[in-house]
Structure formats: structure tokens, C-alpha cells
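Below, each chain spelled out in residue letters.
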Amino acid sequence: MALGGTELEHFLTYAEANKGLSVNTLRAYSQDVSQCLDFLSRQGVQRLDDVTLEGLRAWMAYETRGRARSTMARKTVAVRAFFAWCFDHDVLPCDPAATLMTPKIPENLPRVLNQEQAERLMDETESEAGAGRFSSRSKQEAIVLRDAAMLEVLYATGIRVAELVGVDVGDVDFASRTLTVTGKGDKQRVVPFGAPASKALEVWMREGRPVLLRASDAGHIVGDRGGGVEDRGSGPAEGGQSGRLQAVFLGARGSRINQRVVREVVHDKAARAGVPDISPHALRHSAATHLLDGGADLREVQEMLGHSSIRTTQRYTHVSMEQLKERYAQAFPRA
């Protein structure tokens, strides 16, 4: 077996059971640690006991070529976690990665829409949807309603795109205008949404969603005639038939929508509205910034976004300050 292969399997099993890590994080940990151990093996290391800090630094120097600092920071965290587990569980007499330094990541401010641009994006999307104009819906019209609801919910709640595609019908409470989402580490939280999002979501679920539920698995391509992004379907339904029936947002073939389609929708709608090109995550950034601009408490925004550390949420206060400086420079005669 490869160097540390058995220990890595045990580490991943432990991390899944005790750390609440997501499937994606576990997959990244597995890949990152495997690449490190493979490098060490090629350097002649035959046992985990032979791993040294110098060897790990050599691995970092090798991996750093052409990689972003954020990627290297993630890889280093995974490797440090693995060797810390080995030490804590008496696999190793000492931890060779204990003093391995994580690369510092530049503090880049997140890209956001200003409030006027966000308003324009939402108005344009609502106009395309033409809520309430039809008594029966075609597949193209259903997709337009879906796209409008997705944008409204993303902006209104600030949830991640992965959280959006995972929302089930039972997670929506129209009476209290709240949404239950499952975030990183399978942690659930309840987030509020406003009247525009409620209206768009209700119209989609009442008039658009049943149309896509009836869509056959033949999966012919649905074009852009109704104003929506071309959707080639979202692949196999998550959770089989029951997962398909529970999902709020569906692909053109009637299964749970995937993240790629959501991203395409956001890019397309931004272009149509004439606002800067953004991603779903940029809508999340925009929502957080506008909440803080409006006087929301930092802790409340942290809870709404599902940030484990308030330092992550504090980044948006810097964004607000930068925007304030720009407005000050433009408007104040003695700026």
C-alpha cells in the first residue's frame, strides 16, 4: 500500500464522524494529503515515522509552483490536520507538521453590486418573469419563473449556491418568510426573506415547478426563448424519485437543479440587466454589504450567512467603507 494509505483512510473516517466536515471538504483533504504523501514517497520516504519538517517544506515548495496562495493554504491545513491526528492517535511519536506555516492569503475585498445595480438586476428579472400573466405555463416560461425565484432568493437571503440547490419544499415557510438551509459541515440555520422573494418563490412553486416536475426524462434541450438560460438538465435526481419530488428548484428535465446551471443563470441575468458580471457568491457578498449599509448588526449578519468566524463577516464592513469613501470623493466639495 502507498505511504500512509491506511492511516489516511482512518483519518478521513475520524474526520467525517467527529469534525462534521462536508463531502467536498473530505474529498479535498483526501486529495491534498495523498499528493503530499506521494511526493514524500518519491523522495525516498518509506514510513510515516521518517517524515520531517524539512520534507514537508520541500513538498510545499514543489506544490507552490503555479498555485494560488489560497490553494496552498488549503493544502497545508489538510496536511497539518492529518499529521496532528497521527500524533494524537499514537501513530507517530511526534508531529512533523506542527510548525509548518500556512501561507498568508492577501485580504482581497469581495466584489459586490451597489444597491442601485442590485435593484436593476432584480427589476429586470421580475419584468422578464411577468408573474401572474399566464394561466398555464410552457416549459420555457416555467424556467423563467424558476430563474427569477432563484435570483430573488439568493439576494434576499445571502445563501450559498450549494445551499440553494439543496433546499427542499419542506424548508420553505411562507407564513414566517423563512428558509431552512444546510450549510458547511451539515449545519442548519434559518434565514429570513422579504416580500419580493416570497412572491417570486410562491409563483414559481405554484405555476412553474409543476411544469418541470412533469418533464420527461427524455431531456430534450430547452432554449432561451422565454428569457432563461439554456438548460441541458441537471443530471440524475439527488435522492432518486423522492429527492426529485422534494427539491424546490428543478432542472429542465425535472430533477434537482445543479450548481452549474444556477451560475449560468446569474451570469446571464447580469448581462441582460446591464450590471457588472457577477457570480451567485457575489450576490451573497452584495446581500451582506447592503445589510450592513442598512444598519444590520454584525452578529446578525454572521448568523444569517452561516459564518463560523465573525472575522469573515467583518470583511463586508471594509467593503462598505470603501464604497463610502468613493461616494464621499464624488459628492463632497472638499473631499
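Worth saying up front: this structure is predicted, and the values here are computed from it rather than measured.

Student: Give me the lowdown on the sheet that holds strand β3 (residues 188-192), citing residues and values where you can.
Tutor: Taken together, 3 strands build an open sheet; the order of strands is β1-β2-β3 and the sheet is antiparallel. Of all the strands in the sheet, just β1 (172-173) and β3 have a single pairing partner and so form its edges. Strand direction decides the pairing type here: strand β2 (residues 178-182) and β3, joined by 5 bridges, are antiparallel. Counted as the bridge partner of Val181 is Arg189 from β3.

Student: If you had to explain helix α5 (residues 115-129) to someone new, which residues and values would you point to?
Tutor: Taking 1.5 Å per residue as the helical rise, α5 with its 15 residues ought to reach 21 Å, and the 21 Å between its terminal C-alpha atoms agrees with that figure. Taken together, the buried positions of α5 are occupied by Gln117, Ala118, Leu121, Met122, Thr125, Glu128 and Ala129. For α5, the buried positions fall inside an angular range of 135 degrees around the axis, keeping them on one side. More than 90 degrees from the buried face of α5, the exposed residues found are Glu116 and Ser127. Contact partners of the buried residues in α5: α6 (139-157), α10 (259-273) and α11 (280-293). The N-cap residue of α5 is Asn114: its side-chain oxygen and the backbone nitrogen of Glu116 are 3.1 Å apart. With its phi angle positive at about 55 degrees, Gly130 sits one or two positions after the end of α5.

Student: Describe the packing of α5 against α6, and please don't skip the residues or the numbers.
Tutor: Closest axis-to-axis distance for the α5/α6 pair is 8 Å, and the angle between their directions is 155 degrees. When the interaxial angle is binned, α5 and α6 end up roughly antiparallel. The interaxial crossing formed by α5 with α6 has left-handed handedness. Listed contacts from α6 to Ala118, Leu121, Met122, Thr125, Glu128 and Ala129 of α5 are Val144, Leu145, Asp147, Ala148, Leu151, Glu152 and Tyr155.

Student: Describe in detail helix α1 (residues 5-18), supporting the description with residues and values.
Tutor: Counted at 1.5 Å a residue, the expected span for α1 with its 14 residues is 20 Å, and the 20 Å between its end C-alpha atoms agrees. Inspection of α1 places Gly5, Leu8, Phe11, Leu12 and Ala15 among the buried residues, and these make up the whole buried set. Seen along its axis, α1 keeps its buried residues to an arc of 115 degrees; they face one direction. The outward face of α1, more than 90 degrees from its buried face, is lined by the exposed residues Thr13, Ala17 and Asn18. The secondary structure elements touched by the buried residues of α1 are α2 (23-42) and α4 (69-88). Following α1 by one or two positions, Gly20 has its phi on the positive side, about 65 degrees.

What counts as what
- Going along each chain's sequence as written, the residues are numbered from 1 onward.
- Totals for whole chains, interfaces and linings use every residue, but because this is a predicted model, local features are given only for residues with pLDDT of at least 70 and side-chain atom pairs only at 80 or more, for both listing and counting.
- To get the side-chain values, take all heavy atoms of the structure and skip hydrogens and water.
- DSSP bridges decide pairing: two strands pair if at least two such bridges lie between them.
- Runs of H or I in DSSP of at least four residues are treated as helices and runs of E of at least two as strands, each being numbered from the N terminus.
- One fewer than the residue count of a helix, multiplied by 1.5 Å, yields its expected span.
- Each residue's exposure class comes from its accessible area (1.4 Å probe, protein chains only) as a fraction of the maximum for that residue type: buried when under 20%, exposed when over 50%, partly exposed otherwise.
- The arc in question is traced by the directions running from the helix axis to the C-beta atoms.
- Here, residues are in contact when the closest pair of their heavy atoms is within 4.5 Å.
- Each polar contact in these results corresponds to two N or O atoms within 3.5 Å; when the atoms are within protein, one needs to be able to donate a hydrogen and the other to accept it, and residues that are neighboring in sequence are counted only if both atoms are side-chain atoms.
- Throughout, an axis means a line fitted to C-alpha atoms (over the contacting stretch in the case of helices), and angles, computed between N-to-C directions, take values from 0 to 180 degrees.
- Should an angle fall under 35 degrees it is called roughly parallel, over 145 degrees roughly antiparallel, and 65 to 115 degrees roughly perpendicular, with every other angle called oblique.
- Left-handed is the label given to a crossing in which the near helix is rotated counterclockwise from the far helix by less than a right angle, and right-handed is the label when the rotation is clockwise.

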